[in-house]
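Each chain, written out:
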Amino acid sequence: MPNNHIRLIIEDNIPFVKGILDPYATVRYLKPEEITNKVLRDTDGMMIRTRTICNAELLAKSDVKMIATATIGMDHIDTDYCRDHSIFVCNAPGCNAPAVAQYVFATLLNVINRPLDTYTLGVVGVGHVGEIVVRWAEGLGMKVLKCDPPREQAEGSEGWTDLETIAREADIITFHTPLTKEGEHPTYHIADEAFFNSLRRSPIIINSARGGIVDTQALIKAKKQGKTGPLIIDCWEGEPTINTELLALTDIATPHIAGYSKEGKIRASQLALDAMTTFFMMPRVTIDGQMPPAPAQTVSKQGVLDSYDPIPESDALKAKPEEFEKIRNSYPLRHEAPQGSDNF
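Below or above, wherever it landed, is the structure these notes cover. Note that the structure is predicted; figures quoted are calculated from it, not measured.

1. What to know about the overall build of the chain
What the chain contains, in helices and strands, is 14 helices and 11 strands. The C-alpha radius of gyration of the chain comes to 20 Å, within 12% of the 20 Å expected for a compact globule of 344 residues. Taken along its principal axes, the extent of the C-alpha atoms in the chain is 60 × 45 × 40 Å. The buried share among the 344 residues of the chain stands at 55%. The long-range fraction of contacts in the chain, counting pairs at least 24 apart against all pairs at least 6 apart in sequence, stands at 63%. Of the roughly 15200 Å² that the chain leaves accessible, carbon and sulfur atoms contribute 51%. In the chain, the 35 positive side-chain charges and the 46 negative ones have mean positions that sit 2 Å from each other.

2. Comments concerning helix H11 (residues 262–279)
End to end, H11 covers 26 Å across 18 residues, agreeing with the expected 26 Å (1.5 Å per residue, within 8%). For H11, the tally of buried residues reaches 14 of 18 residues, placing the bulk of the element in the interior. Residue Met281 follows H11 closely and has a positive phi angle near 55°.

3. Thoughts on unusual backbone geometry
Residues Glu239 and Pro240 are joined by a peptide bond in cis, for which omega reads 0°. Tracing the backbone shows Pro240 in the loop between strand E10 (231–233) and helix H10 (244–249).

4. Quick word on empty space enclosed by the protein
Throughout the structure, instances matching the rule amount to 1 cavity of 30 Å³ or more. Each pocket or cavity is described by its volume, and for the largest cavity that value is around 60 Å³. If you go around the largest cavity, the residues you meet are Asn207, Gly211, Val214, Thr216, Leu219, Ile233, Cys235, Trp236, Glu237 and Leu246. Per-class residue counts for the lining of the largest cavity are 6 nonpolar, 3 polar and 1 charged.

5. What about the pairing of strand E8 (residues 172–175)?
The alternating pattern of E8 places Ile172 and Thr174 and Ile173 and Phe175 on opposite faces, both of which are buried. Across 4 bridges, the pairing between E8 and strand E9 (residues 204–207) is parallel. Each residue of the ladder has a partner; that of Phe175, found in E9, is Asn207.

6. Quick look at the sheet that holds strand E11 (residues 252–253)
On the basis of which strands lie adjacent, the open sheet formed by 6 strands has the order E7-E6-E8-E9-E10-E11 and parallel pairing. Sheet topology places strand E7 (143–147) and E11 at the edges, where each strand pairs with a single neighbour. Strand direction decides the pairing type here: E9 and E10, joined by 3 bridges, are parallel. Bridge assignment links Ile206 to a residue of E10, and that residue is Ile232. Helix H4 (residues 97–111) contacts E8, E9, E10 and E11 of the sheet and is inclined by roughly 150° relative to E10. Here helix H5 (residues 128–139) sits on the sheet and contacts strand E6 (120–124), E7 and E8; the angle it forms with E6, its principal contact strand, is near 170°.

7. Notes on the side chain of Ser307
Examined against the element boundaries, Ser307 turns out to sit in helix H12 (residues 301–307). On the accessibility criterion, Ser307 (18% relative accessible area) is buried. Within the structure, the side chain of Ser307 is placed 2.9 Å from the side chain of Gln102, a separation counted as a polar contact. Here Ser307 is in contact with Gln102, His335, Glu336, Ala337 and Pro338, once residues within four sequence places are set aside.

8. What to know about the nonpolar core
The biggest cluster of nonpolar side chains holds 40 residues, and the ones touching the most others in it are Phe105, Ile112, Val133, Trp136, Met142, Ile172 and Ile204. Where this core is concerned, the elements lending two or more residues are H4, E6, H5 and E9. A total of 10 residues in this core trace back to one element, the largest contributor, which is H4. Leaving out residues up to four positions away in the same chain, Ile112 has contacts with Tyr119 and Ile204. Counting 31 residues, the second-largest nonpolar core is a separate cluster that includes Ile166, Leu247, Ala253 and Phe324.

9. Examining the side chain of Asp215
Summarising the element assignment, Asp215 is placed in the loop between E9 and helix H9 (216–224). Although Asp215 is buried, it forms no salt bridge, and the closest oppositely charged side chain is Lys221 at an N-O distance of 10.0 Å. Engagement of the side chain of Asp215 in a polar contact is seen with the backbone nitrogen of Gln217, the distance being 3.2 Å.

10. Here's the deal with the packing of H4 against H5
Running from N to C, H4 and H5 cross one another at 45°; their axes reach a closest spacing of 8 Å. With respect to H5, the element H4 is oriented oblique. Like other packed secondary-structure pairs, H4 and H5 cross with a definite hand, here right-handed. Residues Ala97, Pro98, Val100, Ala101, Gln102, Val104 and Phe105 of H4 pack against His128, Val129, Ile132, Val133, Trp136 and Ala137 of H5.

11. So, the pattern of salt bridges
On inspection of all chains with the given rule, the structure shows 21 salt bridges. For the salt bridge of Arg51 with Glu239, the shortest nitrogen-to-oxygen distance reads 3.1 Å. One end of the pair, Arg51, is in the loop between strand E3 (45–48) and helix H2 (56–59); the other, Glu239, is in the loop between E10 and H10, and 188 residues separate them in sequence. The residues Arg51 and Glu239 share a single accessibility class, namely buried.

Conventions used here
Residues numbered from 1 in each chain as written. Predicted model: local features only at pLDDT ≥ 70, side-chain atom pairs only at ≥ 80, totals over all residues. Heavy atoms only, no water. Helix = DSSP H or I, 4+ residues; strand = E, 2+ residues; numbered from the N terminus. Rg over C-alpha atoms; globule rule 2.2 N^0.38 Å. Buried < 20%, exposed > 50% of the residue type's maximum accessible area, 1.4 Å probe, protein only. Contact = heavy atoms within 4.5 Å. Areas by Shrake-Rupley, 256 points an atom, 1.4 Å probe, with all protein chains shown as cover. Lys, Arg positive; Asp, Glu negative; His and termini not counted. Charge placed at Lys NZ, Arg CZ, Asp CG, Glu CD. Expected span 1.5 Å × (residues − 1). 1 Å grid on protein atoms, 1.4 Å probe; cavity = no way out; pocket = protein on both sides within 12 Å on 5 of 7 lines; lining within 4 Å. Points joined across faces, edges and corners; volume = space filled by probe spheres on them. Nonpolar A, V, L, I, M, F, W, Y, C, P; charged D, E, K, R; others polar. Pairing = 2+ DSSP bridges. Axes fitted to C-alpha atoms, helices over the stretch in contact; angles between N-to-C directions. Polar contact = N/O pair within 3.5 Å; in protein donor to acceptor, adjacent residues only side chain to side chain. Core = buried A, V, L, I, M, F, W, Y, C linked by side-chain atoms within 4.5 Å. Salt bridge = Lys/Arg side-chain N within 4 Å of Asp/Glu carboxyl O. Parallel < 35°, antiparallel > 145°, perpendicular 65-115°, else oblique. Left-handed = near helix turned anticlockwise from the far one by under 90°.

Read these as spatial facts, not as claims about activity.
What follows is the structure, given as C-alpha coordinates:
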(Lines give C-alpha, C1' and ligand atoms only; values in the text may rest on other atoms or scores of the structure.)
Protein backbone atom coordinates (compact mmCIF):
# COMPACT_ATOMS: atom_id res chain seq x y z
CA MET A 1 0.00 0.00 0.00
CA PRO A 2 1.25 3.52 -0.70
CA ASN A 3 2.44 5.66 2.17
CA ASN A 4 -0.29 8.28 2.16
CA HIS A 5 1.88 10.55 4.27
CA ILE A 6 4.19 11.13 1.28
CA ARG A 7 2.44 13.23 -1.35
CA LEU A 8 4.16 13.68 -4.71
CA ILE A 9 3.51 15.50 -7.97
CA ILE A 10 5.24 14.35 -11.16
CA GLU A 11 5.06 16.20 -14.48
CA ASP A 12 3.16 13.90 -16.78
CA ASN A 13 5.61 14.41 -19.68
CA ILE A 14 8.54 12.87 -17.80
CA PRO A 15 9.12 9.50 -19.48
CA PHE A 16 9.63 6.06 -17.93
CA VAL A 17 8.45 6.97 -14.41
CA LYS A 18 4.69 6.58 -14.47
CA GLY A 19 3.51 4.15 -11.81
CA ILE A 20 6.96 3.39 -10.40
CA LEU A 21 6.52 5.36 -7.17
CA ASP A 22 2.80 4.69 -6.77
CA PRO A 23 3.31 1.70 -4.43
CA TYR A 24 5.20 3.90 -1.97
CA ALA A 25 3.45 7.29 -2.04
CA THR A 26 0.36 9.16 -3.16
CA VAL A 27 1.31 10.39 -6.61
CA ARG A 28 -0.43 12.84 -8.94
CA TYR A 29 0.67 13.23 -12.56
CA LEU A 30 0.00 16.77 -13.77
CA LYS A 31 0.76 18.94 -16.77
CA PRO A 32 3.10 21.87 -16.01
CA GLU A 33 0.26 24.38 -16.21
CA GLU A 34 -1.71 22.32 -13.68
CA ILE A 35 1.04 22.59 -11.07
CA THR A 36 -0.14 25.64 -9.15
CA ASN A 37 0.39 27.10 -5.72
CA LYS A 38 -2.99 25.75 -4.68
CA VAL A 39 -2.17 22.12 -5.51
CA LEU A 40 1.21 22.42 -3.80
CA ARG A 41 -0.44 23.26 -0.49
CA ASP A 42 -0.63 19.50 0.14
CA THR A 43 2.45 18.28 -1.75
CA ASP A 44 5.72 17.08 -0.21
CA GLY A 45 7.82 16.61 -3.33
CA MET A 46 7.88 17.34 -7.05
CA MET A 47 9.55 15.79 -10.07
CA ILE A 48 9.59 18.34 -12.87
CA ARG A 49 11.19 19.58 -16.08
CA THR A 50 11.96 23.09 -17.31
CA ARG A 51 8.37 24.17 -17.90
CA THR A 52 7.54 24.24 -14.20
CA ILE A 53 8.92 27.54 -12.91
CA CYS A 54 9.66 27.05 -9.23
CA ASN A 55 9.70 30.46 -7.58
CA ALA A 56 8.10 32.21 -4.63
CA GLU A 57 4.83 32.61 -6.49
CA LEU A 58 4.53 28.85 -6.95
CA LEU A 59 6.04 27.64 -3.70
CA ALA A 60 4.87 30.16 -1.07
CA LYS A 61 3.09 28.53 1.89
CA SER A 62 3.35 25.11 0.24
CA ASP A 63 4.34 21.87 1.91
CA VAL A 64 7.04 21.17 -0.69
CA LYS A 65 10.22 19.82 0.89
CA MET A 66 12.13 18.67 -2.21
CA ILE A 67 12.24 19.26 -5.97
CA ALA A 68 13.89 16.84 -8.38
CA THR A 69 14.27 18.22 -11.88
CA ALA A 70 14.91 15.64 -14.59
CA THR A 71 17.08 18.14 -16.47
CA ILE A 72 20.66 19.33 -16.54
CA GLY A 73 19.81 22.98 -15.97
CA MET A 74 18.19 24.54 -12.92
CA ASP A 75 17.53 28.09 -14.12
CA HIS A 76 13.78 27.38 -13.88
CA ILE A 77 14.20 27.00 -10.11
CA ASP A 78 14.78 29.87 -7.69
CA THR A 79 17.47 28.06 -5.74
CA ASP A 80 17.94 30.97 -3.33
CA TYR A 81 14.28 30.84 -2.35
CA CYS A 82 14.46 27.08 -1.96
CA ARG A 83 17.56 27.30 0.21
CA ASP A 84 16.00 29.96 2.39
CA HIS A 85 12.87 27.84 2.84
CA SER A 86 14.65 24.50 3.39
CA ILE A 87 13.52 22.99 0.10
CA PHE A 88 16.04 20.45 -1.18
CA VAL A 89 16.73 20.75 -4.93
CA CYS A 90 18.57 18.33 -7.21
CA ASN A 91 19.09 18.01 -10.95
CA ALA A 92 20.42 15.40 -13.37
CA PRO A 93 23.88 16.64 -14.42
CA GLY A 94 25.21 15.21 -17.66
CA CYS A 95 22.15 13.07 -18.35
CA ASN A 96 21.62 14.23 -21.93
CA ALA A 97 25.12 15.46 -22.76
CA PRO A 98 25.76 12.82 -25.49
CA ALA A 99 22.46 13.71 -27.17
CA VAL A 100 23.29 17.42 -27.25
CA ALA A 101 26.70 16.65 -28.73
CA GLN A 102 24.96 14.46 -31.32
CA TYR A 103 22.67 17.40 -32.14
CA VAL A 104 25.64 19.75 -32.60
CA PHE A 105 27.36 17.53 -35.14
CA ALA A 106 24.22 16.33 -36.92
CA THR A 107 23.09 19.91 -37.49
CA LEU A 108 26.57 21.06 -38.50
CA LEU A 109 26.85 18.32 -41.07
CA ASN A 110 23.61 19.58 -42.60
CA VAL A 111 24.85 23.16 -43.11
CA ILE A 112 28.61 23.04 -43.80
CA ASN A 113 29.93 23.21 -47.36
CA ARG A 114 33.46 21.86 -46.95
CA PRO A 115 35.16 19.04 -45.00
CA LEU A 116 34.58 19.20 -41.25
CA ASP A 117 38.29 19.00 -40.50
CA THR A 118 38.92 22.34 -42.24
CA TYR A 119 36.90 24.24 -39.62
CA THR A 120 37.94 25.81 -36.32
CA LEU A 121 35.35 25.16 -33.63
CA GLY A 122 34.89 27.47 -30.65
CA VAL A 123 33.28 25.77 -27.65
CA VAL A 124 31.94 28.17 -25.01
CA GLY A 125 31.33 26.23 -21.83
CA VAL A 126 33.24 22.97 -21.39
CA GLY A 127 31.20 21.05 -18.86
CA HIS A 128 29.36 17.76 -19.35
CA VAL A 129 28.24 18.62 -22.90
CA GLY A 130 31.22 20.72 -23.92
CA GLU A 131 33.69 18.00 -22.97
CA ILE A 132 32.02 15.54 -25.33
CA VAL A 133 31.77 18.13 -28.11
CA VAL A 134 35.49 18.88 -27.76
CA ARG A 135 36.46 15.19 -27.75
CA TRP A 136 34.34 14.32 -30.76
CA ALA A 137 35.47 17.41 -32.68
CA GLU A 138 39.14 16.61 -32.12
CA GLY A 139 38.46 13.02 -33.18
CA LEU A 140 36.94 14.37 -36.38
CA GLY A 141 40.10 16.35 -37.08
CA MET A 142 38.83 19.81 -36.14
CA LYS A 143 40.86 22.53 -34.48
CA VAL A 144 39.12 23.34 -31.20
CA LEU A 145 39.21 26.50 -29.09
CA LYS A 146 37.90 26.09 -25.53
CA CYS A 147 36.46 28.90 -23.41
CA ASP A 148 35.37 28.27 -19.84
CA PRO A 149 36.47 31.01 -17.41
CA PRO A 150 35.48 29.16 -14.21
CA ARG A 151 37.44 26.08 -15.26
CA GLU A 152 40.38 28.18 -16.43
CA GLN A 153 40.38 29.95 -13.09
CA ALA A 154 40.36 26.64 -11.23
CA GLU A 155 42.74 24.67 -13.45
CA GLY A 156 45.18 27.23 -14.87
CA SER A 157 45.34 28.96 -18.23
CA GLU A 158 46.97 26.24 -20.31
CA GLY A 159 44.66 24.93 -23.02
CA TRP A 160 42.03 27.66 -22.57
CA THR A 161 41.20 30.75 -24.56
CA ASP A 162 38.89 33.72 -24.13
CA LEU A 163 35.65 34.68 -25.82
CA GLU A 164 37.40 37.43 -27.78
CA THR A 165 39.76 34.92 -29.40
CA ILE A 166 36.88 32.63 -30.29
CA ALA A 167 35.00 35.56 -31.84
CA ARG A 168 38.09 36.36 -33.89
CA GLU A 169 39.25 32.89 -34.97
CA ALA A 170 36.35 30.41 -34.92
CA ASP A 171 34.40 29.29 -37.99
CA ILE A 172 31.78 27.68 -35.75
CA ILE A 173 30.76 28.80 -32.25
CA THR A 174 28.67 26.51 -30.05
CA PHE A 175 27.39 27.44 -26.59
CA HIS A 176 27.19 24.96 -23.71
CA THR A 177 27.03 27.06 -20.56
CA PRO A 178 24.38 27.13 -17.85
CA LEU A 179 22.26 30.28 -17.71
CA THR A 180 23.38 32.52 -14.85
CA LYS A 181 22.73 36.20 -14.18
CA GLU A 182 24.92 36.69 -11.13
CA GLY A 183 28.36 35.71 -9.90
CA GLU A 184 31.80 36.35 -11.31
CA HIS A 185 31.06 34.88 -14.74
CA PRO A 186 27.38 35.46 -15.63
CA THR A 187 26.27 33.93 -18.92
CA TYR A 188 23.00 35.80 -19.51
CA HIS A 189 23.37 37.49 -22.93
CA ILE A 190 27.02 36.50 -23.10
CA ALA A 191 26.47 36.65 -26.86
CA ASP A 192 25.40 40.29 -27.04
CA GLU A 193 25.78 43.05 -29.61
CA ALA A 194 29.40 43.66 -28.65
CA PHE A 195 30.16 39.97 -29.10
CA PHE A 196 28.55 39.80 -32.53
CA ASN A 197 30.30 43.00 -33.61
CA SER A 198 33.63 41.35 -32.75
CA LEU A 199 33.08 38.36 -35.06
CA ARG A 200 35.59 38.19 -37.88
CA ARG A 201 34.81 35.01 -39.84
CA SER A 202 31.00 35.04 -40.13
CA PRO A 203 30.83 31.88 -38.02
CA ILE A 204 28.06 29.35 -37.76
CA ILE A 205 26.28 30.00 -34.46
CA ILE A 206 24.77 27.14 -32.45
CA ASN A 207 22.72 27.58 -29.28
CA SER A 208 21.63 24.29 -27.74
CA ALA A 209 22.20 25.41 -24.15
CA ARG A 210 19.72 28.04 -22.91
CA GLY A 211 17.86 30.75 -24.82
CA GLY A 212 19.00 33.59 -22.58
CA ILE A 213 22.66 33.01 -23.34
CA VAL A 214 22.11 34.78 -26.66
CA ASP A 215 20.61 38.27 -27.00
CA THR A 216 17.89 37.62 -29.57
CA GLN A 217 17.72 41.13 -30.99
CA ALA A 218 21.50 41.36 -31.23
CA LEU A 219 21.62 38.04 -33.10
CA ILE A 220 18.91 39.15 -35.53
CA LYS A 221 20.83 42.36 -36.23
CA ALA A 222 24.12 40.51 -36.67
CA LYS A 223 22.59 37.99 -39.07
CA LYS A 224 21.00 40.69 -41.18
CA GLN A 225 24.33 42.53 -41.34
CA GLY A 226 26.14 39.40 -42.47
CA LYS A 227 28.25 39.11 -39.32
CA THR A 228 27.23 35.50 -38.76
CA GLY A 229 26.95 32.49 -40.98
CA PRO A 230 24.21 29.87 -40.66
CA LEU A 231 22.20 29.89 -37.43
CA ILE A 232 21.31 26.68 -35.60
CA ILE A 233 18.93 27.40 -32.72
CA ASP A 234 17.41 24.86 -30.35
CA CYS A 235 17.02 27.07 -27.25
CA TRP A 236 15.06 30.32 -27.45
CA GLU A 237 14.33 33.29 -25.27
CA GLY A 238 10.68 33.32 -24.25
CA GLU A 239 9.94 29.66 -24.92
CA PRO A 240 7.47 28.38 -25.91
CA THR A 241 6.55 31.72 -27.54
CA ILE A 242 9.55 32.28 -29.77
CA ASN A 243 10.72 35.16 -31.93
CA THR A 244 9.46 34.46 -35.44
CA GLU A 245 11.86 36.98 -36.99
CA LEU A 246 14.79 34.97 -35.64
CA LEU A 247 13.05 31.76 -36.68
CA ALA A 248 12.90 32.97 -40.28
CA LEU A 249 16.65 33.69 -40.24
CA THR A 250 17.73 30.28 -38.95
CA ASP A 251 19.03 27.45 -41.08
CA ILE A 252 18.00 24.83 -38.55
CA ALA A 253 15.44 25.63 -35.84
CA THR A 254 14.24 23.07 -33.32
CA PRO A 255 11.96 23.22 -30.25
CA HIS A 256 14.46 22.61 -27.43
CA ILE A 257 14.93 18.92 -28.23
CA ALA A 258 18.72 18.73 -28.63
CA GLY A 259 19.00 16.55 -25.55
CA TYR A 260 16.01 14.34 -26.34
CA SER A 261 17.52 10.89 -26.66
CA LYS A 262 16.00 7.77 -25.15
CA GLU A 263 19.23 7.10 -23.26
CA GLY A 264 19.35 10.65 -21.90
CA LYS A 265 15.76 10.51 -20.71
CA ILE A 266 16.38 7.22 -18.93
CA ARG A 267 19.43 8.69 -17.17
CA ALA A 268 17.53 11.83 -16.15
CA SER A 269 14.47 10.00 -14.90
CA GLN A 270 16.53 7.48 -12.95
CA LEU A 271 18.58 10.22 -11.29
CA ALA A 272 15.37 12.03 -10.30
CA LEU A 273 13.88 8.80 -8.95
CA ASP A 274 17.02 8.06 -6.95
CA ALA A 275 16.98 11.53 -5.42
CA MET A 276 13.31 11.29 -4.50
CA THR A 277 13.45 7.82 -2.99
CA THR A 278 16.56 8.72 -1.00
CA PHE A 279 15.09 11.95 0.33
CA PHE A 280 11.80 10.38 1.39
CA MET A 281 13.43 7.14 2.56
CA MET A 282 11.50 4.97 0.12
CA PRO A 283 12.84 1.75 -1.44
CA ARG A 284 15.07 2.34 -4.45
CA VAL A 285 13.21 1.79 -7.70
CA THR A 286 14.62 1.34 -11.20
CA ILE A 287 13.32 1.96 -14.67
CA ASP A 288 12.57 -1.23 -16.60
CA GLY A 289 15.38 -2.25 -18.94
CA GLN A 290 19.11 -1.72 -18.72
CA MET A 291 20.66 1.65 -18.02
CA PRO A 292 22.26 3.05 -21.18
CA PRO A 293 25.96 2.56 -21.83
CA ALA A 294 28.56 5.27 -21.55
CA PRO A 295 28.54 7.75 -24.46
CA ALA A 296 30.68 7.16 -27.51
CA GLN A 297 34.29 8.21 -27.06
CA THR A 298 34.56 9.09 -30.75
CA VAL A 299 32.08 9.25 -33.61
CA SER A 300 32.18 9.13 -37.39
CA LYS A 301 30.47 11.63 -39.66
CA GLN A 302 28.33 8.93 -41.25
CA GLY A 303 27.46 7.45 -37.87
CA VAL A 304 26.19 10.83 -36.67
CA LEU A 305 24.21 11.45 -39.86
CA ASP A 306 22.65 8.00 -39.70
CA SER A 307 21.72 8.45 -36.05
CA TYR A 308 19.81 11.72 -36.30
CA ASP A 309 18.20 13.93 -38.95
CA PRO A 310 17.18 17.32 -37.50
CA ILE A 311 15.42 18.56 -40.63
CA PRO A 312 11.90 17.15 -39.96
CA GLU A 313 11.66 18.96 -36.60
CA SER A 314 13.09 22.12 -38.15
CA ASP A 315 10.57 22.06 -40.99
CA ALA A 316 7.73 21.43 -38.57
CA LEU A 317 8.70 24.32 -36.30
CA LYS A 318 9.18 26.76 -39.16
CA ALA A 319 5.78 25.81 -40.55
CA LYS A 320 3.95 26.16 -37.22
CA PRO A 321 5.98 28.01 -34.57
CA GLU A 322 2.85 28.34 -32.43
CA GLU A 323 3.01 24.55 -31.96
CA PHE A 324 6.47 24.71 -30.33
CA GLU A 325 5.30 22.87 -27.22
CA LYS A 326 3.23 20.32 -29.11
CA ILE A 327 6.14 19.43 -31.40
CA ARG A 328 8.49 19.23 -28.42
CA ASN A 329 6.22 17.00 -26.37
CA SER A 330 5.48 14.65 -29.28
CA TYR A 331 9.13 14.35 -30.36
CA PRO A 332 10.06 10.68 -30.88
CA LEU A 333 13.08 9.96 -28.68
CA ARG A 334 16.12 9.06 -30.78
CA HIS A 335 19.08 6.85 -29.92
CA GLU A 336 22.45 8.45 -29.30
CA ALA A 337 25.28 8.44 -31.84
CA PRO A 338 27.20 5.18 -31.97
CA GLN A 339 30.89 4.67 -31.36
CA GLY A 340 32.95 5.19 -34.53
CA SER A 341 35.78 7.16 -36.04
CA ASP A 342 36.90 8.73 -39.29
CA ASN A 343 40.43 8.15 -40.52
CA PHE A 344 42.57 11.15 -41.46
